[in-house]
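Summary of structural features
Listed below, chain by chain, are the residues.
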Amino acid sequence: MKKFVLLMMSLLLAFTAFLSTTSPVSASIPFRDITSTDHEIIYLYEHGYIAGTSSTTYSPEMAVTREQAATMIGRALKLDGTLRATSFPDVSKSSYASGYIDSAYKAGFISGYPDGTFKPREIMTRGEMAHMLSRAFKYSATSAISFKDVPYSADANSLYLAVNKIATNGVAAGTGNGYFSPKAELNRRQFAMFIARAINPEFKVSFEMPVIDTYQSTVDALNIRKGPSTSYSIVGRMNKGDQFKVYGIANGWAHGAFGSVTGYVSTSYLSKVPAASDSRIMVIDPGHGGKDPGAVYNGLQEKNVNLSVGLRVESKLKARGITVLMTRRTDVFYDLDYRAAYGAQNGADAFVSIHANSNANTTVSGSETYYSSALDTRSEHSKQLATFIQNRLYKAMNHNNRGVKDADFRVIDKNPLPAALVELGFLTNTSDAAKLGNATYQDAAAQAIADGIVDYYNWRDKQ
């Protein structure tokens, strides 16, 4: 009998071990859709600050709503989350977030809209997150940190100060290349990172201002000021020829550093330090993203196809020694003006936007590439860039060659760089769609675009 009991116990332990090793969600990783590198999510879950969207999923790429944000911050600050009536007519007493929304409202770090509503299911942006976190954690420390897409303002309630405070306090470090992207939607992974950094110093990040360009003083005794106007105090001076590392430019003032002195200099007395003529810095712009899916046909969303091909192009160009700047690397939305200005603001020398096409006539198929014939020196370069890409793309995709076309699409027409817009194929055509949804064809398209870009650079350098 004793041997039988021991045998049964051994089998039970073995079965338990089997379950623990084959379970899709391990004890250390609470959700099947995150990895061991999602330290902030795991930390917050283990301490009871967050919950999943199901027992096994966290949905890290899902957008964060205002009620979710209030709840996550409320838990982090240990506010009273007891369900109750609130001051907002669109927040039900029975809502899981009602207690935290009421507590956060009374604590002063969230507010409603002018019509008296809270809009609990409205998607949060990164800018709104900055306001909420800077108030919730009562940050006061500021520094010389700035972002190119967040205009300077001394207003106590400005976006500039909210962003500056959370960056200074190690909660956020921007989205890269000197941008903060305040209008971009916030997802659950990003918000978890911000919350973890706010409550645990071990997760904080250090921020280093990215240099977008280098200018030099054209005069002696050029004042460096604390803010972007002559009303601000002088913090340093430069002489003619001294170089100023620029973090951003707005309203006639450059924000940057001269040695250890950080401040603002009038652009009237600065000239750009010439860049090497053989530079190869390409912007790849995967079209659409976030709330804008683009064309949706045959089970495919254009934004996903564009991003997949764009990331492949990036990899192939980097392997050829070309510097690549991506307008987006994840499923986020940026407007056309942001995309069009992105390259010039970051020192790039050319721009390619990647898209997939659609047509009411489902028999229409093939690839085409666009440029803008704006009357300036870049039009010929834009046409050449588009031509080199198209000549390779239709062959790689083994479908119709719809040619190189002139169009005034805003992302290329308003772009100060040589620019092309690629239409990979038609999602409305079953044959094209099958290729665009296939990893092998996506890679072939990316290779063709990368080769066309190299062809363009080789042509440019001979001019």
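Structure first, text after, so check above.
Residues numbered from 1 in each chain as written. Predicted model: local features only at pLDDT ≥ 70, side-chain atom pairs only at ≥ 80, totals over all residues. Heavy atoms only, no water.

Some words on the overall build of the chain
When helices and strands are tallied, the chain shows 13 helices and 15 strands. Counting only residues that meet the buried cut, the chain has 48% of its 463 residues in that class. Excluding contacts between residues fewer than 6 apart, the proportion of contacts in the chain whose partners are at least 24 apart in sequence is 70%. Of the roughly 21,800 Å² that the chain leaves accessible, carbon and sulfur atoms contribute 52%. (Helix = DSSP H or I, 4+ residues; strand = E, 2+ residues; numbered from the N terminus. Buried < 20%, exposed > 50% of the residue type's maximum accessible area, 1.4 Å probe, protein only. Contact = heavy atoms within 4.5 Å. Areas by Shrake-Rupley, 256 points an atom, 1.4 Å probe, with all protein chains shown as cover.)

Description of the pattern of salt bridges
Side-chain pairs of opposite charge can arise where the charged atoms are in close proximity. Enumeration over the complete set of coordinates arrives at 23 salt bridges. Here Asp-443 and Arg-312 are joined by a salt bridge, their closest N and O atoms 3.4 Å apart. On the criterion of sequence distance, the pair formed by Asp-443 in helix 13 (residues 439–460) and Arg-312 in helix 8 (residues 302–319) is long-range, its members being 131 residues apart. The partly exposed category is assigned to Arg-312, whose relative accessible area is 24%. Here Glu-314 ties to Arg-329 by a salt bridge, and the two come within 2.6 Å at their closest N and O atoms. In this pair, Glu-314 is assigned in helix 8 and Arg-329 in the loop between strand 11 (323–326) and helix 9 (336–345), connecting sequence segments 15 residues apart. On the basis of relative accessibility, which here comes to 48%, the residue Arg-329 falls in the partly exposed class. (Salt bridge = Lys/Arg side-chain N within 4 Å of Asp/Glu carboxyl O.)

Topic: the packing of aromatic side chains
The tally for this structure, following the rule as stated, stands at 14 aromatic pairs. Between Phe-88 and Tyr-105 the ring centres are 5.1 Å apart and the planes differ by 75°, which places this aromatic pair in the edge-to-face class. Of this pair, Phe-88 sits in the loop between helix 3 (66–76) and helix 4 (98–107) while Tyr-105 sits in helix 4; the two residues are 17 residues apart in sequence, bridging distant segments of the chain. By relative accessible area, which is 6% here, Phe-88 ends up buried. Chaining the aromatic ring pairs together yields one cluster made of Tyr-179, Tyr-334, Tyr-338 and Tyr-342. Over the ring of Phe-180 we find Arg-126, and its NZ or CZ is 4.5 Å from the ring centre. Arg-188 extends its terminal NZ or CZ atom over the ring of Tyr-58, reaching a point 4.1 Å from the ring centre. (Phe/Tyr/Trp six-rings, centres within 6.5 Å; stacked < 30°, edge-to-face > 60°. Lys NZ or Arg CZ within 6 Å of the ring centre and 35° of its normal.)

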